[in-house]
Amino acid sequence: MSVDRPVPVDITTLALGDRLGQGGQGTVHQVRNKRINKGIADGDWPVVYKEYSAAVLPALDTAALESAVALLSRLSGSEGRWLCDKTAWPAVVVHRQGRACGFLMRAVPDRFRFTLRSLTAVSPGQRRLATVEFLLNDDAYVTGIGLTVGDRDRLLLLADLATTLHRLHAFDVTVGDVSPKNLLFTLTPRPECFLIDSDAMRLRGASVLPQAETPDWQVPPGEERATAASDVYKLGLLAVRLFARDQTTRDPAALARAGSRLGDLARASLGADPARRPSPAAWAEELAAAAATATNQPKRNQQKQKPKPTRQRTGPAVAGRGSGRPGGVGAGRTAGPGNSPGTTAAGLKRALGTLAAIAALVALIAGGHQLHSRAEAVRDAHGPTLSSPPFPDPFSTSPDPADDTAGNLDDPYDESGDDTSTDPADPAPDAPSATPTDPIGTAEVGDCFDDHGGSKQADLSPADCAAGTFKVARIKTGTTDLDSCDGVTDSDESVSSAAYDRVLCLSYQSSGGSAFHAHQGDCVFGAPGAEEWSTQSCRTGTFKVLAAYRGTTSHAKCEGWPHYNYWRSMKVAGNSALDVMLCLSMNYPDDAGYAVRNECLVKSGNTFTNVGDCGKSNVYVTGRTSTYSDASFCGSDGYTTWPSTDYPAFAYTVCWRWR
């Protein structure tokens, strides 16, 4: 659904707080008396005000700014919610004496900030916007400032950016200045991005202010700025530099080591001909595939070195951009750290040891059985998405609550804590003898239990291994750390006993079948209307899992994933924190299955492949219908066709011509 366009607000109605940043375009202020999206779950967001400087107002295209604000009213509720979850999009125009002087936008969610570790180890560090520029340095530096980022994280972050660009382009929005200063990141609960300076984007070809670019991130000379092709060019630059840990290189060698296909995509993206660049969707699919086999193991034997500062972007009406304090949205962001990191390994080790001792003491004092549900402890960043909620809600006066930033997209690649060397049957040396009345003390791998306890306290009783029970997947001895089950395959809850110094890693037995525990990249299948679905080999006619969400059954979360065309939800009675939503994509015989009109393909025999480069292709798509073997639809053109026995709606006939 859509809502009425928000009317402009007058500057005199705003209670402005701290100045968050200042740059060549203007100043960003905290707003104390306005909220956005107040009426829905996980709404009530803080907003900030960006005021344009007097120097740029003559170049301001007020109609373009009003059109950007109006976009939110034209989108459905879920689409508008997504746009403001991924960008600092203009929400309301602000007037001074009847003329536009700036706009209100959602404040950056706190999960896109991090505590910059003090290089001197004297102060605890400052909260900073997590701009991607921090990641364009060697791993020793990144670790030194308090970040832990591996190659899998980088792949998933890039995949999220590619998916975001794909969806923005569907809204006829192009970013233009895709650069590490305009891109924020978070790694928890999953790697994802957040784009700022959204008023600098183009909507249906219109710009609020003249387009500008960051030095070293410009498109080739003579190429139009802020197009879908220029966004892909800069996506390729970012992918190359993110893996090279370098802010200026154009060599895709480091990226190619993460996947030869990624190297090919980078070379095609950086080509001079915009028409031959691949799509963001092609990037997203390949990045997700590469992430499925990547690890987050840090590189070894890297030397610490002083990072190179990212230079500010230049262009009409933005001279001098980047001065002011850190933390602003859309203005006043600094160029990044400029000192070599110091280390305080000994002090950190002592501090961690003290914390561990305190935690152990608390666990012993508490005693009893403790419960930890992974789906409860790691909640979705945006909460369960409502179906088409009204967005944005009218602004209203309210105090400033903290921004809730927890999240829960399942990360199927977490390998931490999966210690196969521990004998699951051995109790800790000092544990008392187990008795038949203590299920944790006597449990063995493969046993099943009913859990009648609440969200914090377990109440286990032995049961047959049927749907609705919990099976012991792994036993961790010599610990009561509930997080020790993180990374254990199919673990949904962990239960500890201080008396027996044991943790049971429990796997919920769903009536929905083995697909309940499917992860991103797995393939699943079930007959239409069947309750039970299973994980299967990835063959034609099955469904590929694009994303697996825990704690929700809303398929609105699936929108925007490239090639998403089906979903499957599985509920857990009495424990919605364990609910599962799978976003799925049909496995077609070849790339013709997802081809669209005018898309370039390589035809080899009866197989069609998208190589991401029209210059290397020999056919292009002239039409598509969901009817199987519809030769008349294609007329004199060639065609390829495929039916689905179980899901006839996925049949297609794709028409093609030689290039």
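The text that follows walks through the structure, step by step, so that each part is easy to find. (Residues numbered from 1 in each chain as written. Predicted model: local features only at pLDDT ≥ 70, side-chain atom pairs only at ≥ 80, totals over all residues. Heavy atoms only, no water.)

1. Digging into the overall build of the protein chain
The secondary structure content of the protein chain amounts to 12 helices and 29 strands. Within the protein chain, the fraction of its 659 residues that count as buried is 53%. Look at the contacts in the protein chain between residues 6 or more apart in sequence, and 65% of them connect residues 24 or more apart. (Helix = DSSP H or I, 4+ residues; strand = E, 2+ residues; numbered from the N terminus. Buried < 20%, exposed > 50% of the residue type's maximum accessible area, 1.4 Å probe, protein only. Contact = heavy atoms within 4.5 Å.)

2. A short note on the state of the cysteines
In the structure shown here, the tally under the stated rule is six disulfides. There is a disulfide in this structure between C448 and C465, and the S-S distance comes to 2.0 Å. Around the S-S axis, the bridge from C448 to C465 shows a dihedral of about 105° and counts as right-handed. Within this pair, whereas C448 is found in strand β15 (residues 448-451), its partner C465 is found in the loop between β16 (460-462) and β17 (470-477), the two being separated by 17 residues in sequence. Take C448: its relative accessible area is 4%, and that puts it in the buried class. Between the sulfur of C634 and that of C655 lies a disulfide, 1.9 Å long from S to S. Sign of the S-S torsion, about -75° for the bond between C634 and C655, identifies this disulfide as left-handed. Of this pair, C634 sits in helix α12 (residues 631-634) while C655 sits in strand β29 (residues 652-658), and the two are 21 residues apart along the sequence. The same class applies to C634 and to C655, which are both buried. In the protein chain, the cysteines engaged in disulfides, taken in order along the sequence, are linked 1-2, 3-4, 5-6, 7-8, 9-10, 11-12. (Disulfide = S-S within 2.5 Å.)

3. Some thoughts on the nonpolar core
Counting 76 residues, the largest nonpolar core has W89, L147 and W283 as the members making the most contacts within it. Ignoring any residue separated from it by four or fewer positions in sequence, one finds W283 in contact with A162, V232, L235, G236, A239, L255, L262, L265, A266, S269 and P278. Judged by nonpolar contacts, the second largest core, of 42 residues, contains A443, V621, F650 and Y652. (Core = buried A, V, L, I, M, F, W, Y, C linked by side-chain atoms within 4.5 Å.)

4. A word on helix α4 (residues 151-170)
At 3.6 residues per turn, the α-helix brings residues three or four places apart onto the same side. If you check α4, its first and last C-alpha atoms are 29 Å apart, about what 20 residues at 1.5 Å a residue would give, namely 28 Å. Where burial is concerned, most of α4 is hidden: 18 out of the 20 residues are buried. The first or second residue beyond α4 is D172, which carries a positive phi of 65°. (Expected span 1.5 Å × (residues − 1).)

5. Points about the sheet that holds strand β1 (residues 9-10)
Taking strand neighbours across the sheet as the criterion, the six strands line up as β1-β5-β6-β4-β3-β2 in an open arrangement whose pairing is mixed. With one partner strand each, in any of the chains shown, β1 and β2 (16-22) form the two edges of the open sheet. In terms of strand pairing, β1 meets strand β5 (residues 90-96) through two bridges, oriented parallel. Counted as the bridge partner of V9 is V94 from β5. (Pairing = 2+ DSSP bridges.)

6. Overview of the pattern of salt bridges
On inspection of all chains with the given rule, the structure shows 23 salt bridges. When the shortest N-O distance is used, the salt bridge between R202 and E224 registers 3.0 Å. Of this pair, R202 sits in strand β12 (residues 202-203) while E224 sits in the loop between β13 (206-207) and α5 (228-244), and the two are 22 residues apart along the sequence. Between R261 and E286 there is a salt bridge, and its shortest N-O distance comes to 3.9 Å. Of this pair, R261 sits in helix α7 (residues 260-269) while E286 sits in helix α8 (residues 280-291), placing them 25 residues apart in sequence. Among the ionic contacts, a cluster of salt bridges with common partners joins K86, R111, D160, R190 and E192. (Salt bridge = Lys/Arg side-chain N within 4 Å of Asp/Glu carboxyl O.)

Interpretation note: all reported values are geometric properties and have no functional meaning in isolation.
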